[in-house]
Amino acid sequence: VLRASLSVAVGLVLADASIVVLALPEIYRDFDVSVSAVIWVLVAFNLVLAATAVPAAILARRIGPARVTAAGLLLFALGGLFCGLATSLTPLIAARCLQAVGGAAAVTGALELMPFAVGSERIAARTWATAGAIGAALGPAAGGLLTELVSWQSIFLVQVPAAVLVAIPLLPVVREESTARMRRAEIRRAGRPHLPANLALALVSGALAAALFLIVLLMIEGWRHSPIVAALAVSVMPIAALATGPLARTVSDPRARAAAGAILVAGGLAGLGLLPRALVVATFPSQILVGAGLTLVLSALTETALEGRAPQAIHGGWTIAARHAGVVAGLLLLTPIFTADLVTERSAAEQAGTAALLDADLPATFKIDLAQRLGDRLAAERGKVPVIGPAFDPLPSDPSERAHALALQATLQDQLDRAATHAFSNSFLIAAGFGLAALLPIVLARRRDVAL
Amino acid sequence: MRPRTLVLAAIIASATLVAVSVALGGATYEPKPVADPCQPRPWRSPGNLDEVAQQLTLSTLDGAACELHVSRETVVLALGTPEGRSKFANDPRLSEALRAGLLRAVDDAERAGAIPGIVADGLRQAIESLPADQLVAAARNAGGLFDQLSGSLGPLGGLLP
C-alpha cells in the first residue's frame, strides 16, 4: 500500500507540471489575458518546484520523510483548492506556487521513503523515476478530458481528495517517525550531484515541455480542435510511453537507454516541426517516438543521477530541480519564438488569403460580401482562428460559381492550416535541438568514464 | 535487447520519420507566397463586364504595387483600413504608382484581347498625359469603393490567433 501510495503521489505531483497544458486556452479566454501571461500558470509551478526540491529534500532528512511527504501532499491539496477557486490569473499563479512547494516536499520525501516500501534503493529509484515519467506523460490527456467534460477548475479540484487519500497510508509511518526520533542522527553531508545526468535531464525536459505545450496549442488554437479531441490525440504519447516500459526493462545499460531516448525525443520533435499536413493523425508517428523516448530517457537519467549516491532524497531533489528548470527554460525560450512566428505567419496567411480571394473566379459582389462575412466571423470568435465554412453560406446558386466558391473555401482553409502549422515549426525544431544537445553530456560522461 | 541495438533502432526510427516528413512536403508546408506584381499575370477569358472590370482592377493593382515595390495584396490590405488609405493617399509616389497601374491594366487587357490595339494606344496616351493631381483626385474619389471594402479585406489579417 505504501509503495502504491508513494508512486501515485509522485505521479500526481509530476503530472501537475503538465496537466494544465490543455486548459491554458480556456484559462486565457476566461481571464482575458495573453498566451505570454497564461504561460506563467505552467512556468510558476515548474520554477518553484525546481527551486524548492533540494531544500525540501534537506527538510525531509531533518524532520523525517513521512512527515514531509504527508505535509507536502496536504499543502499540494490546499494549493489545488485555491487554484480551483481562483477568479483571476494572479491568485491562480500564487496558488500554483503553493502547490509546487507542497509538490516538491511530497516528491522528495517519497523518494526517501520508497526504499522502505520496496526493499532496495535501486528498485526505489526506478519506481520513483517511472512514476514521475508516467505522471508527466498522462498529465495533458487527463487535464484535457477534465477541461472538456467539466471545466478547467476541475483539474485542480479533483487533485484535492486525491492528494488527501494518498496521504492517509503515510500516517502510520508519520507516527513511527515521531516516536523514533532517530532521523537527526542520520544527517550527513550530501555528495556532489551527478552533473552530466542532471544537465541531460534539464535539456531533455525542456524539449518535452515544448512537445506537450506546443502540440496542444497547435491542435486547439491552430487547428481549432476541442480540448477533448486534443486530449484524445495527445494520449498517443502516454500510451507509447507505457508500452515502452517493458522494453526499457530489457536493456540494463542506462547509458544506452538515455541515448536512445534522447534521439527518439529529438526525432519526434523534428517530425512535429516538419508536419506535411494539418492532420491530427500526422502527429501520431512523432508522438510515438516522443512517448517512447520519454520513458527511456527520463527513467535512465534519473536512475543514473541517483545510483550509488546518498542521501537519495537530496539527489532526487537535484533531479527534480534539473527537470523542472529545464521545463521553465524550454517554455521561456520557446514562447517568444512561437509568438513571434505566429505574427509572421499571420501576415503570410493574410497575403495568401487575400490573393486567393482576389484571384477567385467569382463575381465581385460575392467576393466583397464574403470578405465581410469572414470579418464578422473573426470578430465573433474574438481573434481565434475562425471556422470559415459558415462564411460561405449561402453559396451561389449557379453551379459553376458554386464550384468556384467551394474551391476558394478549400484554398482559404488550406492557407490557414499551413500558416498555423508553420508557425510552430521553428519551436519544435529548436526543441528537437534540446533533445540532441542532451546527448552531449551523455556522450562526454561516457568518454570520461563517468557512470552515466 | 542489446544496448547498441536499442540506440541503432532509435536512430533509424528518427531518421525515417524525418525523411518521410520531408518527402511528403513537411519542409515546405507553409502559406503560398504571393506572386510578383511586376510579372505578367494571365487573364481569365472575359465573359462579361463584371469579369473585365475585375481584371482591369487587378492589373491596375499589380502595376501600382510593382511601382511601389510591394505586393498587390499589401496594397489591397492597406486600402482596407482608414489608416492605410490615409498613408497611401499621402505617399509622394502615389500619382506615378496610379499611372503605372493604369498603363499595366491597358497592357494586360490588350494582351488578353479584351480591347483592340488602337483603343489601347489611345488609352495609353490619355493616361500618360493625365496631370498627376487629377490622377490623385480620381483615386480619392474611388474612396467610396474602399469604404465598402474597409473592414472586409482587412480582417483577413486577423485570421490567426
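How each quantity is defined
- Residues numbered from 1 in each chain as written.
- Chains lettered and ligands numbered in written order.
- Predicted model: local features only at pLDDT ≥ 70, side-chain atom pairs only at ≥ 80, totals over all residues.
- Heavy atoms only, no water.
- Helix = DSSP H or I, 4+ residues; strand = E, 2+ residues; numbered from the N terminus.
- Contact = heavy atoms within 4.5 Å.
- Areas by Shrake-Rupley, 256 points an atom, 1.4 Å probe, with all protein chains shown as cover.
- Buried area = accessible area lost by both parts, 1.4 Å probe.
- Salt bridge = Lys/Arg side-chain N within 4 Å of Asp/Glu carboxyl O.
- Nonpolar A, V, L, I, M, F, W, Y, C, P; charged D, E, K, R; others polar.
- Disulfide = S-S within 2.5 Å.

Student: Teacher, can you tell me more about the overall build of chain B here?
Tutor: Of the regular secondary structure elements, chain B holds 8 helices and 0 strands. Beginning at the N terminus, the succession of helices and strands in chain B can be written as α-α-α-α-α-α-α-α. The contacts in chain B between residues at least 6 apart in sequence include a share of 66% that link residues at least 24 apart. Looking at chain B as shown, the accessible area adds up to about 8500 Å², and 63% of this sits on carbon and sulfur atoms.

Student: What's the story with the interface of chain B and chain A in this structure? I'm lost.
Tutor: Taken together, the contacts link 46 residues of chain B with 63 residues of chain A. Carbon and sulfur atoms make up 68% of the area that chain B and chain A hide from each other, which totals about 4600 Å². Linking chain B to chain A there are 2 salt bridges. Asp-359 of chain A is the partner of Arg-72 of chain B in a salt bridge, and the nearest nitrogen-oxygen pair spans 3.1 Å. Mapped onto the side of chain B that touches chain A, the elements with two or more residues apiece are α1 (3–23), α2 (49–68), α3 (72–79) and α8 (143–149) of chain B. In terms of residue class, the side of chain B that touches chain A is made up of 25 nonpolar, 13 polar and 8 charged.

Student: Would you take a moment to explain the state of the cysteines for this structure?
Tutor: Disulfides are covalent bonds that link the sulfur atoms of two cysteine residues. Residues and elements named next belong to chain B. According to the stated counting rule, one finds 1 disulfide over all chains in the structure shown. One disulfide in the model links Cys-38 with Cys-66; its S-S distance is 2.1 Å. Since a negative S-S torsion denotes a left-handed disulfide, the Cys-38-Cys-66 link at about 110° is right-handed. In this pair, Cys-38 sits in the loop between α1 and α2 while Cys-66 sits in helix α2, placing the two residues 28 residues apart along the sequence.

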